[in-house]
Every structure is written in C-alpha cells, then in structure tokens.
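# A closer look at the structure
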Amino acid sequence: MTHLRKRIVVVGHGMVGHRFVQAAIERGLTETHDITVLAAEARPAYDRVALTSYFEVGAKALSLLPKGRYDDPRVTLRTGSEVVAVSPRRRIVTLSTGEDLHYDALVLATGAYPFVPPVPGKDLPGVFVYRTIEDLEAIRKAARRARSGAVVGGGLLGLEAANALRRLGLETHVVELAPRLMAIQVDAAGGRTLSRHVERLGLSVHTGAMTEAILGARKVTGMALKDRKSLDVDLVVFSAGIRPQDSLARAAELAVAERGGILVDEHCRTSDEHIWAIGECAAPGGVMYGLVAPGYSMAEVVVDRLLGGEGSFEGADMSTKLKLLGVDVASFGDAHGTTEGALELTYADDVTGVYKKLVISEDGRRLLGGVLVGDASAYGVLRPLAASGLPLPDNPEDLILPAGGGGGLTLPTEAQVCSCNDVTKGDIIAAAEAGAVTRAGTTCGSCKAQTRKIIEDHYAGQGQVVDRSICEHFPLTRQELFDVVAVHGYRSFDRIVEAHGTGRGCDICKPAIASILASQLGGHVLAGSTRTLQDTNDAYLANIQRNGTYSVVPRIPGGEITPEGLIVIGEIARDHGLYTKITGGQRIDLLGARMEQLPAIWRRLVDAGFESGHAYGKALRTVKSCVGSTWCRYGVQDSVQLAIDLELRYRGLRSPHKLKGGVSGCARECAEARAKDFGVIATEKGWNLYVGGNGGATPAHARLLAGDLDTATLVRYLDRFLMYYVRTADRLQRTASWIDSLDGGLDRVREVVVDDVLGLGTELEEAMARHVDGYFDEWRATIEDPEKLARFVSFVNAPDVPDPDISFREERGQIAPAVSLGPTIPVGGAR
Amino acid sequence: MTPVCRVDQIEVEGGVAALVDGVAVAIFRTHDGNVYAMSNYDPCSRASVLARGIIGTRGGTPFVASPMHKQAFDLRTGQCLDDAAVRVPTYDVRVDEGVVLVGPRLESP
Ligand code: SRM
Ligand SMILES: Cc1cc2nc3c(=O)[nH]c(=O)nc-3n(C[C@H](O)[C@H](O)[C@H](O)COP(=O)(O)OP(=O)(O)OC[C@H]3O[C@@H](n4cnc5c(N)ncnc54)[C@H](O)[C@@H]3O)c2cc1C
Ligand code: SF4
Ligand code: FES
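Every value quoted in this text rests on a predicted model; they were computed, and no experiment measured them.

## As for the overall build of chain B
When its secondary structure is counted, chain B shows 0 helices and 11 strands. Listing the helices and strands of chain B from first to last along the sequence gives β-β-β-β-β-β-β-β-β-β-β. A total of 109 residues make up chain B; the buried ones form 58% of that total. Only carbon and sulfur atoms are counted for the fraction: they give 46% of the accessible area of chain B, which is about 4,300 Å².

Encoded structure:
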C-alpha cells in the first residue's frame, strides 16, 4: 500500500513520450503515480513517421491523441510548455515561464533535432529542416513562390523530403555526400537501382557531392557544390542526419554518450537514479537509435521498472521497409554482409528496377539479413526469418526470385512479426482467437500484409470456419480471399485454388474471385483465363434475359443525354429490332439482342460516343441526378455536373455487389439520393454525404456520413468509403447490410473514412486513383479485339445461324420473349 | 460423328454451343482435359443457354451451372444436382487429332 501518490514528470510529448503514457495507463502505473507531461510543441504527439502525408491528410489525421487529453484523469498534458532546466539534486524541472515542478521520477523523451552542417548561408530565409508539422507548413508556404529546391542528404528522410518537394511541384535535386543514396540501409548495387528509380521520376540525384555554401543575399538563390556546377535553387531542405536532444541532460551534468545522446543503462536509467531517458534523446550503451520502434521498447522498459519489474532494453532491430517515391525499399538484419564468412545471394532485374540481396551464414543454413529495392513484398517473411534464425529452405533463391515472395515458408510462433510494437506471430494468433487485435501494423505499417497472412493462414489451417467460408472450395470469407489475393499478388484462379482451395471452383467462388482480381488488377474482365470465371452477364458484357437473349444498356451519366444521342439509340434499336424501355436508373435499355448481335450493336453505340453502362456487372450502375440549380428554381448546387463527375469517376469499379449513387440539387431530394449506396444532397454550403441506402428487397435510407463538404473533400471521402467497402464487404453484400455488419456500424465507417483512425486513408485513395487512371471502356476494347469477339457467335460451327430455340412474340407494338419448348429432336436424332 | 471445332477453340473450363443436326449442343472442356457434350437447353429456365454456364466441381463431380438460375448439371450424365427429377440429354463426344467430334444423343444411363 502506498499512502502518498508520487509524481512522474515526462519531458517531451513525441511518439515515444506518448507511448510511455499509454503504457503507464494500460499497465496501471497511474494507480500509484500522477503523470505530468511537459511538451514544447503546441500540439499533442503526432505520427512523425507519417509526417510526409501531412500535406494530404492534415494535422488532425496525424494526431496520436485527437482529443488532446488522456482519458485517465491522473495524467496532465501541458502543451506549449518547454522545460529549460533540470535540477537532479532538488528533483525539480523549471519551465520557460519560470515555474518549478517537483518530480519523484523524471522521464526525458525530448527526441532529436535535425543536424544542419555549418555551411555559409544556412540561416538564410528559404532554408528549412524536416521534422515537425510546422516545418512542413513553412516549406509548403515557401514552395508556392519557388520553382526548384534541393534536399541536402540522400538518406531515408532526405528522400522523403525530396518526394515532398516534388509533390509540391518543385524541380527537385538531392545532394548526397556519400557515393550512393540511403548509404546506411542499402548496399552499392541497391543504391544504384534506387537512384535509377528516383531519376526516372524526374529528380536530379547528385551523389558524392559536398555542399559548400547556400548562395543568396537576402534569400536563397542557389547552392554551391564542391568541384561541381552550382545549383540554381530557391529553397533548400537540410536532412543531413539528426542529433539527440540532450542539452537539458548536459546542463544537469548527467552522463552523455561520446557521440551524443543521454547515456542510459539497459534499464534506460541515466546516471541519476531518479531520471530516465527514452526515445531518440537516449543512447543505451552509447548507441542512439533513429527509429521509433526502439523508442517504444524503451518506453515499455521504463514503465515496467517503475512498476518494480525486471524489463530491460536489449538493443533493437534496425530493419526498415518503406515506400520512397513510390519505390519499395527494405533492409533488414546484417544488410551489408559484415558477419564473418557471410555469403551473398543477389537477384537483379534492371528492366523493372528490382534488386534483391540475401546475406546468408557461412554454412548456408541461416538468413542473416538482406536488401530489397523495387519489390519488397518478401520483407514480411524475410525479416522475421532473419531475426528468428530459422533454418533456410533448400533453395534459398526461391525466396527472392520473382514468383517466390517467401511463399511456402512458415514462421515459428515466437518470430517477431511487428518490430515497431514487438508483436510475435504467436501474439497475433492468440489475439485473433480471442477476437481481439494486436498493435501489429499500426505504426510503420510494413508488417500489415504479413499480419493479415498469418491470420488468414491460421484460419485456413483450422478448417473450422466453414460457416463463414464462401463455398466448399475455399475455407475463407470474401474479405479473407481478397486479402490472400492481395498479399500473394495472385493473378489467376488456378494459382489461388491450388494454394488455398480444393477442387475446381463453382459458380459462387469463381465470380467472386473474378471480381476481386478486377478490383486489384484492373484490366479487361474478359482477359485471358478470367473469362471463364465470369457470370454470363459479365462474360458477354450484357444482361441475360429469360429467353437467352441479352439486354444492352449504354452509360448515360447523370441521366443527361442529347437529342442526337437519343436518336442514335432509337435508330440502333430500330435497325436491330430491339425492344426499348426507360429504366429505373435514368437510362435506356435495349432488349432482345441475340448474343451474336451484340458486337454489331455495340460497334454502332461506341461509334456514336456511348460506352458500357455496366448494367451486367457487380459494379457502379448509375449516379442518378435531378436537374439541379442549372434549371430548377430551388436548386442550390449543380447536381447534374456532380452526378456526371461521380459516375465517370467510379464507372467500371468492380465491387462485392452493385453500387448506385444519386445527387439531388436541394433538400427536396428529387433524385432519391438517400435510396442509394451513396447519396449526395446539396446544401447552401456544399454537399451532405449519405451512405448505405438501398431499394430492392430490404429498403434502407442512406444515413449522413458527413455534412457541408466541399467537392474535393466529398470525393476524397467517397473514394475511401467505396474502396473500404470493396475491400471488406462480403460477396453480394450491399452497402446497407455491410455497414450494419461492421462492429460500430456507421460510426465505424465514419472513423475509418472521415477520421482515418486506421491510417488507411491514403492507401484507399491511391487504390481508387489507380482505378480511375486504369479505366477504359470494356465494350470498345472488346470490339477492337478479334480474340474476344470470337466468342460472340451463336454456334462454334455456324457462327451466324440464330439459335432455333430463341423466339419472340409481339406485345404492345414491340418484341417480347417467347417461351421455348426445347429442341425438337429430328427423326433419328436419338441414334 | 460430326466434327464441330478444334478442341483449343473451347477454353479450359469453358463451353461452346454447336449446331449438330439442327440441334444446339453444349460442349465443355474441363481442367483435367476431358470434353463433355450435352443439350444446350436448360429445362429449368426453358432457354438454350447451358454452354454459357460456369464450370466447376461439387465434391468429385464436374458440373455446369446454368447461367439463368444456377441449377447444376453433372457433365458426365446430365443429371441435375439440385433436382433429382431433371436430367439433360448428353451426347457422345470424342477428340480426335485435336478435333472435337459429336456423336449421337445418349440414352439415359
Ligand atoms: C432494367 C432495370 C428495370 C427497369 O427496366 O427499370 C432493372 C433490371 C434488373 N434488375 Fe434492378 N433494374 C433496374 C433498376 C433497379 C432499381 C432502381 C434504381 O436503380 O434506382 C432498383 C432498386 C434500387 C437498389 O438497387 O437499391 C433495383 C433493384 C434490383 C435488385 C434488388 C437489390 C437489393 O439490394 O435488394 C436486384 C437483384 C440483385 O441485384 O440481386 C435487381 C436485379 C436486376 C436484374 C439485373 C435481374 C437480373 O439479374 O436479370 C434485372 C436485369 C436488367 C437487365 O436485363 O438489363 N435489381 N433495380 C433497371 C436498370 C437500371 C439501370 O439503368 O441500370
Ligand atoms: C519525416 C520523418 C520520417 C520518419 N520515418 C520513420 C520511419 O519510417 N520509421 C521509423 O522508425 N522512424 C521514422 N522516423 C523517426 C521517428 O519519427 C522518430 O524515431 C520518433 O519520432 C522519435 O520519437 P521521440 O518521442 O523520441 O522524439 P520526438 O518525436 O522528436 O519527440 C520529442 C518531443 O520532445 C519535445 N521536446 C524536446 N525538448 C523539450 C523540452 N526541453 N521541453 C519540452 N519538450 C521538449 C519536442 O518538441 C518533441 O515534440 C521519421 C522521422 C521523420 C522526421
Ligand atoms: S432536388 Fe431540389 S433542385 Fe433537384 S429537382 Fe428537386 S427541387 Fe429541384
Ligand atoms: S513493423 Fe512497423 S507497424 Fe509493425
């Protein structure tokens, strides 16, 4: 029993300081201690690792503590409070305001600061560092008036900064002193491959180049390099390494490491027994770690110690995997092959820019480390393999050859899968079984795919989830199947069924897999072997009707059509003898086309500027619109324009079930937008976005996801919403029942789509961007491809002879299908 | 027997319709290399469509699912797997030097 509560003071609320507080709350340290966090930055801790995404997602999405306070009342967070002195003797810290605060235990989590070499001109306006949200904000402001910029430093952070400059529209240079990029992580050959990738993106790479001065009188106008032409730039970002923020400790005469950093023992205790140091400011055993994972371990160790535990910090895995400028780069373990007698196995493909190296022990039995550039898909298996010392398979080259990806290997239970959060394979499986989740994948994200695969393999191996499985051929749900395909990068049904299923599939799993492949790969739904997976509607890009004929529905975005368009459709219907009807989706259906007639009908439609309406696909159908503000006296926004834009954006998107949208120009709601999977209703200030509406058998009104959005935000939320649905919904599950099935329902959708709590926002948007960029008209591509056309014949041996079993009658002045009584077997037919 | 097409004109796990003595016959090719023929007429939906169905297996049984309402038919016997009372006639079929030959309609097994 403690009678007096004690006080812990934490200096610094960065990623590690935050993790310390989280762990302290979770593990009950706050039962006996009050915690006061003093933070110099104006905002609570945010995800510095994802700093570069600030430009896309904004500060709110990066925040690690969006509410600005901890739920535990015994923790006080004081932002904008800088500590200027520590007195170990009196056990107090002094704030810049002069205020003193007593502590029983002091935790220094002051992080690091960017190192700026002492070159002339380094203080000119137009010179920046890359560490905080404020830095990025300043860079963005300056970039508006700049044309070109240089980043000093071609390491991991330098390349991130360079990418940011490029995305801000600047002509970008990378100046690196070492002879290659990312010298710490990758070897010479990997560095070359990386340089080629980076240069292909239009950046200029200067390796082996020393910055002599930043030029300019009142602001940056250029940069002088030793023995080279100077660069004509008006903005410079220094990213030449970081230095531990150890000034408080130095002034307090705590021991510091030779190369900087507060010297701590394996318990993260400094030379003063009441003071601890964690994260980038600390140097356990003299070594400073510039990554977040070791900092998290240190935070856990100190919490454990303060609770009386025995935890200690044992050094850390410096493996990294990132996507830099769209290029996968990973290094793990002994990447440079410094272990005595180490062997190297490399694979290089200069055409695709892939370079992979494995470092293997002298006896060839264990993986020590490696480097992956251009394709790091095997990282999830290789890193834990190197860390666990599991014996290598007989043909280690399979691990890095293109088709391999570490496929057949199983990791041992104790293998650490998430190095950021120290989560093992065993932890992941235990959590999955308890219906819980681990922290794996929530920090740098590089272990996400591997984590998913472990869960998926675990379930598949148990064969106990039959009830949720899609059909007798796969012991998986659609979502699991989606993930399996994504993780392995499968491109064909054969590979998938061989690896994860039994038998040869059926009419349930085949179309589901076709849809998953279409969502992930794009491409033509009739391409190659995917054709035979498609339901007949997709297989013939038309809807089958009761007598075996098909209907034709050209896209009429937003329901807007010119008189010429109407006339062309009328002419085509007349010339081919088709039945016409206005559909419930604001467009025109032409029915009664025999399969062999489809190409000719579509050739004329395509010539007239029409494209597939995807009435046959589990895909976006229509975005229905009212006339909106252009004509309607009540309209407040141009609903037609938005409906057209949305329909064109999402056309062709393959999804678990069909998707429909609607846009109304005011609250009178003439477009019935709230009956759609996504509905948009104009407001005076912008748009209200509703999701999860449904007509059909189980009608539902769409509910408000977010209000008064500008068009760009609306589209961003919709991108995320739709992709999230595409990825996670069950087969043939409309959005309404999908939302109901989620734990947390619509609120969960809002968290993911609007608040981006899973950090998936950018990934989902990128997936949608790939869909939008990859769109093409399926019907045009079909009529231009003789191979695809070859299947549009009535009979393989009599291509143009109409099927004698298809017949019509007349009704209300147009054709109608007649019931066929079946083939009349000619005399002697049953020989 | 009537030659109708080359076997490679039928996709693996796909089907084609052929006109044999004025009657629509569906011919299928399975993953294990077998070729089957049955009437193209789906008695459940009363439409000539079976060649356009999806091919798969139920247990060890190769089947085609009607594209109309998904009833499954055993490719070997024409027996409807969802309704014991329904059976589609099958045809004798053979592949000779890469050419598919369709023979007479087979009597009930
Ligand atoms: C053609 C059309 C009826 C018409 O003449 O108006 C139609 C026709 C079909 N509907 Fe529909 N639906 C049509 C508008 C609708 C609407 C109204 C709308 O979109 O505003 C609804 C209710 C809204 C909704 O979907 O929430 C609608 C709810 C359904 C449903 C029930 C879905 C549900 O969630 O319960 C089905 C069944 C299904 O998809 O599983 C269905 C299925 C079908 C299918 C595809 C049935 C089939 O598999 O053969 C019909 C074939 C279409 C064809 O041959 O072209 N159709 N169907 C309409 C085509 C719209 C278009 O331009 O693409
Ligand atoms: C662009 C970028 C990309 C990165 N990418 C990765 C990556 O992919 N993987 C990875 O592992 N790591 C990455 N890192 C590094 C990672 O962000 C750091 O390892 C991590 O943030 C360290 O956390 P920390 O809490 O120790 O320090 P910080 O996050 O720097 O927090 C320290 C805090 O203490 C405050 N502070 C300092 N002095 C005082 C004082 N006297 N009084 C009060 N407050 C004070 C500071 O203002 C700061 O807010 C990246 C860093 C950057 C900048
Ligand atoms: S929803 Fe409003 S703007 Fe659109 S047609 Fe109806 S009344 Fe006019
Ligand atoms: S390894 Fe970084 S989140 Fe798991």
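From this point, the narrative continues.
## Some points on the overall build of chain A
A count of helical and extended segments in chain A gives 23 helices and 37 strands. When burial is assessed residue by residue, chain A has 55% of its 831 residues classed as buried. Taking as baseline every contact in chain A between residues at least 6 positions apart, the subset at least 24 positions apart corresponds to 61%. Only carbon and sulfur atoms are counted for the fraction: they give 50% of the accessible area of chain A, which is about 35,600 Å².

## Digging into the site of ligand 2
Residues and elements named next belong to chain A. By nearness alone, 31 residues border ligand 2, and Glu 41, Arg 48, Arg 131, Glu 280 and Val 292 come closest of all. In the environment of ligand 2, an oxygen atom lies 3.3 Å from a nitrogen or oxygen atom belonging to the backbone of Met 15. Along the lines of polarity and charge, the residues of the shell around ligand 2 split into 16 nonpolar, 9 polar and 6 charged.

## Quick word on the pairing of strand E4 (residues 83–87) of chain A
Residue and element names in this part refer to chain A. In the sheet, E4 pairs with strand E5 (residues 92–95) via 4 bridges, with the strands oriented antiparallel. Counterpart to Ser 87 in the pairing with E5 is Ile 92. Linking E4 back to E5 in an antiparallel pair, the connection comprises 4 residues, with Arg 91 at a positive phi of about 55°.

## What to know about helix H17 (residues 639–650) of chain A
Since there are 3.6 residues in each turn of an α-helix, residues three or four apart along the chain are aligned in direction. Residue and element names in this part refer to chain A. With 12 residues, H17 ought to run about 16 Å at 1.5 Å a step, and its terminal C-alpha atoms sit 16 Å apart, in line with that. Within the span of H17, buried status applies to Ser 639, Val 640, Leu 642, Ala 643, Ile 644, Leu 646, Glu 647 and Tyr 650. Looking at the packing, one finds that the buried side of H17 touches strand E31 (620–625), strand E32 (659–664), strand E33 (678–682), strand E34 (687–691), helix H18 (711–728) and helix H21 (761–774). Gly 652 sits one or two positions beyond H17 and adopts a positive phi of about 80°.

## Re helix H2 (residues 54–62) of chain A
Of the positions making up H2 of chain A, those classed as buried are Tyr 54, Phe 55, Val 57, Gly 58 and Leu 62 of chain A. Next to the buried residues of H2 of chain A lie helix H3 (133–144), helix H4 (156–167), H18 and H21 of chain A.

## Focus: the sheet that holds E4 of chain A
Residues and elements named next belong to chain A. The antiparallel open sheet is built from 3 strands, whose spatial order is E4-E5-E6. The two strands at the open ends of the sheet, each matched to only one other strand, are E4 and strand E6 (100–102). Ignoring which end each strand starts from, the neighbouring axes of this sheet average 25° apart.

## Observations concerning the site of ligand 1
Residue and element names in this part refer to chain A. Among the 18 residues in the neighbourhood of ligand 1, the closest are listed as Gln 545, Gly 584, Arg 587, Lys 676 and Gly 695. Measuring from an oxygen atom of ligand 1, one finds a side-chain N or O atom of Ser 551 at 2.9 Å. Of the residues belonging to the shell around ligand 1, the class tally is 1 nonpolar, 10 polar and 7 charged.

## What about the sheet that holds E34 of chain A?
All names here are of chain A. The mixed open sheet is built from 5 strands, whose spatial order is E31-E32-E33-E34-E35. Whereas interior strands pair on both sides, the edge strands pair on one side only; in this sheet they are E31 and strand E35 (703–709). This sheet shows a mean twist of 15° between the axes of neighbouring strands, independent of strand direction. As judged from the 4 bridges shared by E34 and E35, these two strands associate in the antiparallel manner. Its bridge partner lying in E35, Val 691 is registered against Arg 703. On top of the sheet, H17 reaches E31, E32, E33 and E34; it is set at about 175° to E31, its chief contact.

## Comments concerning the interface of chain B and chain A
In this complex, chain B contributes 40 residues to the contact, which on the side of chain A involves 45 residues. Together, the buried faces of chain B and chain A total about 3,300 Å²; carbon and sulfur atoms form 54% of this surface. Among the residues chain B hides against chain A, the three largest losses belong to Leu 19, Arg 52 and Ile 54 of chain B. Together they make up 20% of the total. Along the contact surface separating chain B from chain A lie 4 salt bridges. Among the salt bridges present, the one from Glu 13 of chain B reaches Arg 504 of chain A, with a minimum N-O distance of 2.6 Å. Across the contact surface, chain B and chain A share 16 residue pairs in polar contact (both at pLDDT 80 or more). Elements with a minimum of two residues in the side of chain B that touches chain A: strand E1 (2–6), strand E2 (14–20), strand E3 (23–29), strand E6 (47–48), strand E7 (54–58), strand E8 (61–65) and strand E11 (99–105) of chain B.

## Some remarks on the pattern of salt bridges
All names here are of chain A. One pass over the full model with this rule turns up 50 salt bridges over all chains. Among the salt bridges present, the one from Arg 74 reaches Glu 31, with a minimum N-O distance of 3.4 Å. Of this pair, Arg 74 sits in the loop between H2 and strand E3 (75–78) while Glu 31 sits in the loop between helix H1 (15–26) and strand E2 (33–38), and the two are 43 residues apart along the sequence. In this structure Glu 31 comes out as exposed when scored by relative accessible area, which is 51%. For Asp 375, the salt bridge goes to Lys 356, with nearest N and O atoms at 3.3 Å.

## Brief notes about the packing of aromatic side chains
All names here are of chain A. Taken as a whole and judged by the stated rule, the model has 12 aromatic pairs over all chains. Here Tyr 54 and Phe 55 contribute two aromatic rings whose centre-to-centre distance is 5.9 Å and whose plane-to-plane angle is 50°, an arrangement assigned as tilted. Measuring from ring centre to ring centre gives 5.5 Å for Trp 779 and Phe 792, while their planes differ by 50°; the resulting arrangement is tilted. Placement of the pair is Trp 779 in helix H22 (residues 778–783) and Phe 792 in the loop between helix H23 (786–789) and strand E36 (807–811), with a sequence separation of 13 residues. You can call Phe 792 buried: its relative accessible area is 4%. What links up through ring pairs into an aromatic cluster is the set Tyr 540, Tyr 550, Trp 602, Trp 779 and Phe 792.

## Examining the state of the cysteines
The bond known as a disulfide is covalent and runs between the sulfur atoms of two cysteines. Throughout the structure, instances matching the rule amount to 0 disulfides over all chains. Lacking any disulfide linkage, Cys 80 of chain B is separated from the closest cysteine sulfur, that of Cys 44 of chain B, by 4.9 Å.

## Focus: empty space enclosed by the protein
Residues and elements named next belong to chain A. Within this structure, the stated rule accounts for 5 cavities of 30 Å³ or more. Considering only enclosed or pocket space, the largest cavity measures out at about 80 Å³ in volume. Lining of the largest cavity is provided by 13 residues; of these, Arg 383, Val 417, Ser 419, Ser 446 and Cys 447 occupy positions nearest its centre. Of all the secondary-structure elements, those providing two or more residues to the lining of the largest cavity are helix H8 (379–388) and strand E25 (416–418). In the lining of the largest cavity, the residues fall into 7 nonpolar, 5 polar and 1 charged.

## A few points about the packing of H17 of chain A against H18 of chain A
The angle between the axes and the distance between the axes are what describe a pair of packed helices. Residues and elements named next belong to chain A. Where H17 contacts H18, the axes come no closer than 12 Å and their chain directions differ by 35°. Pair H17 / H18 crosses with right-handed handedness. Contacts between H17 and H18 pair Leu 642, Leu 646, Arg 649 and Tyr 650 from the former with Thr 711, Leu 714, Val 715, Leu 718, Asp 719 and Leu 722 from the latter.

## Here's the deal with the confidence of the model for chain A
Overall, the predicted model of chain A reaches an average pLDDT of 89, with 95% of residues at or above 70. Predicted confidence for residues 826–831 of chain A stays below pLDDT 50, and this span has 9 contacts to residues more than four positions away or in other chains.

## Considerations on the pairing of E31 of chain A
Residue and element names in this part refer to chain A. Most of E31 is tucked away, with 6 of its 6 residues classed as buried. Where E31 meets E32, 4 bridges bridge the pair, whose relative direction is parallel. If you follow Lys 624 over to E32, its bridge partner there is Gly 662. A crossover links E31 with its parallel partner E32, the connecting element being H17, and its sense is left-handed.

Definitions and limits used
Residues numbered from 1 in each chain as written. Chains lettered and ligands numbered in written order. Predicted model: local features only at pLDDT ≥ 70, side-chain atom pairs only at ≥ 80, totals over all residues. Heavy atoms only, no water. Helix = DSSP H or I, 4+ residues; strand = E, 2+ residues; numbered from the N terminus. Buried < 20%, exposed > 50% of the residue type's maximum accessible area, 1.4 Å probe, protein only. Areas by Shrake-Rupley, 256 points an atom, 1.4 Å probe, with all protein chains shown as cover. Contact = heavy atoms within 4.5 Å. Near = heavy atom within 4 Å. Polar contact = N/O pair within 3.5 Å; in protein donor to acceptor, adjacent residues only side chain to side chain. Nonpolar A, V, L, I, M, F, W, Y, C, P; charged D, E, K, R; others polar. Pairing = 2+ DSSP bridges. Expected span 1.5 Å × (residues − 1). Axes fitted to C-alpha atoms, helices over the stretch in contact; angles between N-to-C directions. Buried area = accessible area lost by both parts, 1.4 Å probe. Salt bridge = Lys/Arg side-chain N within 4 Å of Asp/Glu carboxyl O. Phe/Tyr/Trp six-rings, centres within 6.5 Å; stacked < 30°, edge-to-face > 60°. Disulfide = S-S within 2.5 Å. 1 Å grid on protein atoms, 1.4 Å probe; cavity = no way out; pocket = protein on both sides within 12 Å on 5 of 7 lines; lining within 4 Å. Points joined across faces, edges and corners; volume = space filled by probe spheres on them. Left-handed = near helix turned anticlockwise from the far one by under 90°. pLDDT = per-residue confidence, 0-100. Right-handed = clockwise from strand over helix to strand, strands pointing away.

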